[in-house]
Amino acid sequence: MRGLDFSSWQSLLATLIGLALFTLISIGIRLAMMLTIQQRRERMNRQINERLRILIAAYKTLGGSFTGNLTVDPTHLRDLRLRPQVAEDTAAGQDLVPALSEGSERSRRIRDAVEAALSDIILLGTEEQVRLADTAVRDLIAGRRASTHDLVVSLRAFIREALDIGPIPADLELPPQGPSRPSGAGGKGGGEKAGSEKEGGRSGGGGGGGGGAMGMGAGAGMGAGLGGSLGGGHVKDTDDDAASGHHA
């Protein structure tokens, strides 16, 4: 207050203008800082949400089953064709397609999904998760069956901690988890449904064409009958006029 001069109205006006400018500058700096902090926080939240979304999808892929074969089969189609049994079948003149069972196709789809999930974990996972994913990838490259249970446990603990969910009870021992098994029934059913809809559209179009043909035939028949009636009446009137003229 000692620096303020209220001796005249000029000095008072200058003082008020200085205070207003100081206040506006302070508010502007504060707003700029708040906007910067808010943008940085939103960017971090988006990154965390995207990371959690990808890791949750990887967890579902790597640990979606509790029964059956809980390891990943790295065998490729070319390896199946080089197996001795398949070679014997080929030498006997049998086709390769029946020799490759439906299980090999399912194993291939599981392996492809697991490899994509491991790639996402190597990109966005923690150090422990990256090491476990690297171990699984090296097992697949070497042709050994890879287990994903340890990686699933690490992902589950990380996701629950990130979502502020309590840990799994220590006295609860969960069974081993393995990669989820893809279901091909949906695509087959969808194809059958699309085929039935297509057949229904064809039959509906045929019915519409038949109805149009029947309508055209009926219209032509009615037109012919009407023309015959009018023509008959005109001939009769002409004959009557001729008969009356002859009598006259």
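Residues numbered from 1 in each chain as written. Predicted model: local features only at pLDDT ≥ 70, side-chain atom pairs only at ≥ 80, totals over all residues. Heavy atoms only, no water.

K.L.:
What am I meant to see in the UniProt feature "transmembrane region" (unreviewed entry) in the protein here?
P.N.:
The UniProt entry lists residues 12-37 under the feature "transmembrane region" (unreviewed entry), expressed in the numbering used here. Across residues 12-37 one finds 100% helix and 0% strand; the C-alpha atoms that close the span lie 38 Å apart. (UniProt positions renumbered as here; feature names shortened; annotations may be inferred. Helix = DSSP H or I, 4+ residues; strand = E, 2+ residues; numbered from the N terminus.)

K.L.:
How do you make sense of the side chain of Thr148 when you look at a structure like this?
P.N.:
Within the secondary structure, Thr148 sits in the loop between strand 2 (146-147) and helix 7 (149-162). Overall, the relative accessible area of 2% leaves Thr148 in the buried class. Setting aside anything within four residues of it in sequence, one finds Thr148 in contact with Leu62, Val72, Gln177, Gly178 and Pro179. (Buried < 20%, exposed > 50% of the residue type's maximum accessible area, 1.4 Å probe, protein only. Contact = heavy atoms within 4.5 Å.)

K.L.:
Looking at this structure, how should I read the layout of surface pockets?
P.N.:
Take a probe with the size of a water molecule and roll it over the atoms, and the empty space left behind shows itself. In this model, the second largest pocket occupies a volume close to 170 Å³. Lining the second largest pocket are 13 residues, and of these Asn69, Thr71, Arg106, Ser107 and Ile110 lie nearest its centre. Elements that contribute at least two residues to the lining of the second largest pocket include exactly strand 1 (71-72) and helix 5 (102-124). It is helix 5 that provides the largest number of residues to the lining of the second largest pocket, a total of 5 residues. Each residue belonging to the lining of the second largest pocket can be placed in one class, and the counts come to 3 nonpolar, 5 polar and 5 charged. (1 Å grid on protein atoms, 1.4 Å probe; cavity = no way out; pocket = protein on both sides within 12 Å on 5 of 7 lines; lining within 4 Å. Points joined across faces, edges and corners; volume = space filled by probe spheres on them. Nonpolar A, V, L, I, M, F, W, Y, C, P; charged D, E, K, R; others polar.)

K.L.:
For this particular structure, what's the right way to read helix 6 (residues 127-141)?
P.N.:
Note on helix geometry: an α-helix contains 3.6 residues per turn, so any two residues three or four positions apart are oriented the same way. With 15 residues, helix 6 extends 21 Å between its outermost C-alpha atoms, agreeing within 8% with the 21 Å of an ideal straight helix rising 1.5 Å per residue. Directly beyond the C-terminal end of helix 6, a positive phi value near 85 degrees is found at Gly143. (Expected span 1.5 Å × (residues − 1).)

K.L.:
Explanation requested: the nonpolar core in the structure shown.
P.N.:
If you look at soluble globular proteins, the nonpolar side chains tend to sit buried side by side. Counting 16 residues, the largest nonpolar core has Leu62, Val114, Leu118, Ile121, Leu151 and Leu155 as its most contacted members. Of all the elements in the fold, those that place two or more residues in this core are helix 1 (9-62), helix 5, helix 6 and helix 7. Broken down by element, the residue count for this core peaks at 5 residues, all from helix 5. When residues no more than four places from it in sequence are discounted, the contact partners of Val114 are Thr61, Leu62, Val72 and Pro179. (Core = buried A, V, L, I, M, F, W, Y, C linked by side-chain atoms within 4.5 Å.)

K.L.:
Explanation requested: the pattern of salt bridges in the structure shown.
P.N.:
When charged atoms on two side chains of opposite charge get close, those side chains can pair. What the rule picks out here adds up to 9 salt bridges. In this structure, Glu105 and Arg108 form a salt bridge, with 2.5 Å as the shortest nitrogen-oxygen distance. On the criterion of helical spacing, the pair formed by Glu105 and Arg108 is a turn pair, its members being 3 residues apart in helix 5. The exposure class of Glu105 is partly exposed, given its relative accessible area of 37%. On the basis of relative accessibility, which here comes to 32%, the residue Arg108 falls in the partly exposed class. Glu115 is paired through a salt bridge with Arg111; the nearest N and O atoms lie 4.0 Å apart. Here Arg111 and Glu115 lie together in helix 5, a separation of 4 residues that amounts to about one turn. (Salt bridge = Lys/Arg side-chain N within 4 Å of Asp/Glu carboxyl O.)

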